[in-house]
Amino acid sequence: MSAASCLLTEDQFLCSICLDVFTDPVTLSCGHNFCQNCITEHWDDNGRYRCPKCNKMFSRRPKLKINTVLKKMSAQFRQSAQQKSREVPCDVCTGTKVKALKSCLVCLVSYCETHLEPHLTVSVLKRHQLMDPVENLEDRMCEKHDKLLELFCKNDQRCVCVLCSVTDHKTHDVVPLREEYEGKKAELGKTETEIQQMIQKRRVKIEELKHSVELSDENADREIAEGVGVFTILLETVQRNLNGLIDSVKEKQEKTKKQAEGFIRELEQEISELEKRCAEVEKLSRSEDHLQLLQTFTSLNSAPPTKDWTEVRVHPPSYEGTVVRAVKQLEETISEQMKKLICEVELKRVQQYEVDVTLDPDTANPWLILSDDGKQVYDDDVEQDLPDKPERFDLYFYVLSNQSFSSGRFYYEVQVKGKTDWTLGVARESINRKGEIKLSPKNGFWTIWLRNENEFKALAGPPVCLSLQSGTEKVGVFVDYEEGRVSFYDVDAAALIYSFTGCSFTEKIYLVFGPGSNDDGKNSAPLIISPVGHTK
């Protein structure tokens, strides 16, 4: 194939329409070849199916099939042509030029492997500077002195010859071309490294931007899903209230209708009786039987007993205000539902900031018992013999977390089921841990507590009484360090209990756990740090 293709000329691989090497060549029945797109467009433009080369007319549009052999040969020809266009020919070869192997900067001639041999064997020629083959060697000669450009003027930043260095560039800083080449090559290496670093930074930035878009998409999808859920519930509420309004109106309507129908049935019954009596009286009045008339006169002379309908009325029910009352009721229902839904959405959002929390035994009051995994704490009515470390609470039944936080947002949940006394919240690192302690933001504590089973307070300044939901079993705590917010949630009811806002956090903060005293077994249940059960 290679030998055969060498005998083929360039014209045999050119499409006569685009005048370029064939792309997806097709062969018509007349034997002429064209690019598939070229002949297709030619026929589309002319509306007639004729060979552009021999003008042969086809009665119907020929079905075109790619000539795979010609396609392969065209590809090889294109590749060969491109390769030849990059080759530098030997300047010594006569006839067919062979590819040059080296160019001589002294002779200013490019040599193929055969003609290069003297430069590799003859001692005089071996001193000549050889390089990879290049075209236009004359461009490497000084136009003024016809000498090789082998020096570089740093002042003028240009290549010069030996004569230039002692004439026009006599006082300039002139160095050998190779020396400047090495310097510039080093600079290029540095530049390449810098560019590669710039490329890498931009690739990192692209990944960062893509990640941002992915996060945006995830957030958008989540927000839409939450919105659909919330509005679906609200729409269902509206529909229920509308159905209630319709049922209420229809109930009144049906009651009125049944009352009227009852009266109508009674009236129709009386009319029937009266019509019957009327017929009997008429019949008797026509009778010529004196005896019969006198015997039945008394019983037929008066109308049958009937109801006095004078005061009987069917009063249409008043619907005035029905819609207004229904709307007010809907407004109240939606208002309550909105509060609950908003809290559910908020709780679901803060639950994304879940952190793993464990208790620090070095801070625990000696009366407190900690589980081996550091997730539970309770009072067992037994004081332990523990070293009185500076960080340990000595009077109050408190323990801090191992983890501290000095930035960002975090959330955790604590089970309080079965307890009558407990304290939860956060505290700054520098709090007092010895003797009397007053829990308040002023003293570095942001906490809520339950005392005596029903005394529920947020220990702000002053304390705020809270409403404890019946059956509260799990409390969620969310902290936004930068915003200065500490929020407490009833997890099962998906309700906000209380929020400290405008808190000033200037140091590390720790989590505070107070299980309360055992109280003769009434408060023996432990506080348990629980895995976050994400709100659905």
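Conventions we followed
- Residues take numbers from 1 onward in each chain, read along the sequence in its written order.
- Given that this is a predicted model, residues contribute local features only at a pLDDT of at least 70 and side-chain atom pairs are listed and counted only at 80 or more, while totals for whole chains, interfaces and linings are drawn from all residues.
- Only hydrogens and water are set aside when side-chain values are computed; all heavy atoms of the structure are taken into account.
- Labels follow the DSSP assignment, with helices taken as runs of H or I lasting at least four residues and strands as runs of E lasting at least two, numbered in each case from the N terminus.
- What the globule rule says is 2.2 Å times the number of residues to the power 0.38, and the radius of gyration is computed from C-alpha atoms.
- Only protein chains enter the area calculation, which uses a 1.4 Å probe; residues under 20% of their type maximum are buried, those over 50% are exposed, and those in between are partly exposed.
- Two residues form a contact once any of their heavy atoms are found within 4.5 Å.
- Charge counting follows a simple rule: Lys and Arg are positive, Asp and Glu are negative, and His as well as the terminal groups are ignored.
- Note on charges: their place is set at NZ of Lys, CZ of Arg, CG of Asp or CD of Glu.
- Axis definition: a line fit to C-alpha positions, over the contact stretch in the case of helices; interaxial angles, taken between N-to-C directions, run 0 to 180 degrees.
- Reported orientations rely on four angle classes, namely roughly parallel under 35 degrees, roughly antiparallel over 145, roughly perpendicular from 65 to 115, and oblique for the rest.
- Working rule for handedness: look at the near helix, and if it is turned counterclockwise from the far one by less than a right angle, call the crossing left-handed; if clockwise, right-handed.
- Note on residue classes: Ala, Val, Leu, Ile, Met, Phe, Trp, Tyr, Cys and Pro are nonpolar, Asp, Glu, Lys and Arg are charged, and everything else, Gly too, is polar.
- Strand pairing follows a simple DSSP-based rule, namely that at least 2 bridges must link the two strands.
- Salt bridge, as used here: a side-chain nitrogen of Lys or Arg that lies within 4 Å of a carboxyl oxygen of Asp or Glu.
- Pairing of aromatic side chains here covers Phe, Tyr and the six-membered ring of Trp, requires ring centres within 6.5 Å, and sorts the geometry by plane angle: under 30 degrees stacked, over 60 edge-to-face, intermediate tilted.
- Among buried residues, the Ala, Val, Leu, Ile, Met, Phe, Trp, Tyr and Cys ones that are joined through side-chain atoms within 4.5 Å form a nonpolar core.
- Within 3.5 Å is the distance limit for a polar contact, defined as a pair of N or O atoms, with the added protein rule that one can donate a hydrogen and the other accept it, and that residues adjacent in sequence qualify only through two side-chain atoms.
- Within this analysis, patches are made of residues with over 30% relative accessible area and no salt bridge. Like charges are joined at 9 Å or less; nonpolar side chains (Val, Leu, Ile, Met, Phe, Trp, Tyr) at 5 Å or less.
- Each accessible area is a Shrake-Rupley result for a 1.4 Å probe, and residues are judged covered by the shown protein chains and nothing else.

### Considerations on the overall build of the protein
Broken down by element type, the protein carries nine helices and 21 strands. Compactness check: the protein gives a C-alpha radius of gyration of 52 Å against a globular reference of 24 Å for 536 residues, more than 25% above the reference. Principal-axis analysis of the C-alpha atoms gives the protein an extent of 170 × 105 × 45 Å. Within the span of the protein, comprising 536 residues, buried residues form 30% of the whole. Look at the contacts in the protein between residues 6 or more apart in sequence, and 57% of them connect residues 24 or more apart. For the protein, the distance from the average site of its 71 positive side-chain charges to the average site of its 86 negative ones is 8 Å.

### Considerations on the packing of helix 7 (residues 177–285) against helix 8 (residues 290–300)
Packing of helix 7 against helix 8 leaves a shortest axis separation of 11 Å and a crossing angle of 155 degrees. Relative to helix 8, the element helix 7 lies roughly antiparallel. The handedness of the crossing between helix 7 and helix 8 comes out as left-handed. For the pair formed by helix 7 and helix 8, the contact residues are Arg277, Glu280, Val281 and Leu284 on the first element and Gln292, Leu293, Thr296, Phe297, Ser299 and Leu300 on the second. The residue inventory of the contact of helix 7 with helix 8, partitioned by class, reads five nonpolar, three polar and two charged.

### Some details on the sheet that holds strand 9 (residues 368–370)
If you trace the seven strands from one edge of the open sheet to the other, you get 9-10-21-12-17-18-19, paired in antiparallel fashion. The open sheet has two edge strands with one neighbour each: strand 9 and strand 19 (495–500). Neighbour-to-neighbour, the strand axes of this sheet turn through a mean angle of 20 degrees, independent of strand direction. Across two bridges, strand 10 (residues 376–379) lies against strand 21 (residues 527–530) in antiparallel orientation. Pairing of valine 377 across the sheet is with leucine 527, part of strand 21. Contacts from helix 9 (residues 322–350) reach strand 12 (409–415), strand 17 (474–480), strand 18 (485–490) and strand 19, with the element oriented near 115 degrees to strand 18.

### Here we look at the pairing of strand 14 (residues 445–451)
With six of seven residues buried, strand 14 is to be regarded as a mostly interior element. For strand 13 (residues 422–428) and strand 14, the ladder comprises six bridges, and the chain directions are antiparallel. Looking across to strand 14, one finds that tryptophan 422 is bridged to leucine 450. Where strand 14 lies against strand 15 (residues 455–458), four bridges are found, and the strand directions are antiparallel. Pairing of arginine 451 across the sheet is with glutamate 455, part of strand 15. Two successive antiparallel strands, strand 14 and strand 15, enclose a turn made up of three residues, where asparagine 452 displays a positive phi of approximately 55 degrees.

### Focus: the pattern of salt bridges
Enumeration according to the criterion identifies 22 salt bridges in this entry. The partner of arginine 349 in a salt bridge is glutamate 223, and the shortest N-O contact between them spans 3.1 Å. Here arginine 349, found in helix 9, pairs with glutamate 223, found in helix 7; they are 126 residues apart in sequence, far enough to count as distant. Look at arginine 349 and you get partly exposed, because its relative accessible area is 38%.

### Considering unusual backbone geometry
Of the consecutive residues glycine 461 and proline 462, the connecting peptide bond is found in the cis state with omega at 0 degrees. Within the chain, aspartate 24 stands out as a residue other than glycine whose phi angle is a positive 50 degrees. Positionally, aspartate 24 belongs in the loop between helix 1 (2–7) and strand 1 (25–27). On the accessibility criterion, aspartate 24 (26% relative accessible area) is partly exposed.

### Structural notes on the packing of aromatic side chains
Considering all chains together, one arrives at 14 aromatic pairs under this definition. Ring geometry for phenylalanine 393 and tyrosine 398: centres 5.7 Å apart, planes at 85 degrees, overall edge-to-face. Judged by relative accessible area, which is 5%, tyrosine 398 ranks as buried. Ring centres 3.9 Å apart and planes at 15 degrees place the aromatic pair phenylalanine 405 and phenylalanine 410 in the stacked group. Judged on exposure class, the residue phenylalanine 405 and its partner phenylalanine 410 are both buried.

### Some details on the sheet that holds strand 14
An order of 11-20-13-14-15-16 is seen for the six strands of this open sheet, with the pairing classed as antiparallel. Here the strands that pair on one side only, and so sit at the sheet edges, are strand 11 (399–405) and strand 16 (464–465).

### Topic: the nonpolar core
Core analysis: the largest hydrophobic core is formed by 38 residues, its most contacted members being Tyr412, Trp422, Val486, Phe500 and Phe513. When neighbours within four sequence positions are excluded, tryptophan 422 is seen to be in contact with Val416, Ile448, Trp449, Leu450, Arg451, Phe456, Val475, Gly514, Pro515 and Leu527. With 12 residues, the next largest nonpolar core counts Phe22, Val26, Cys35 and Ile39 among its residues.

### Details of the side chain of threonine 322
Take threonine 322: it is sitting in helix 9. On the basis of relative accessibility, which here comes to 10%, the residue threonine 322 falls in the buried class. Of the polar contacts made by the side chain of threonine 322, one reaches the backbone oxygen of tyrosine 319; its length is 2.7 Å. Setting aside chain neighbours within four positions, we find threonine 322 in contact with Leu245 and Val249.

### Topic: a negative patch on the surface
Negative charge collects at one region of the surface, where Glu207, Glu214, Asp217, Glu218 and Asp221 lie side by side. Position of glutamate 218 relative to the elements: it lies in helix 7.

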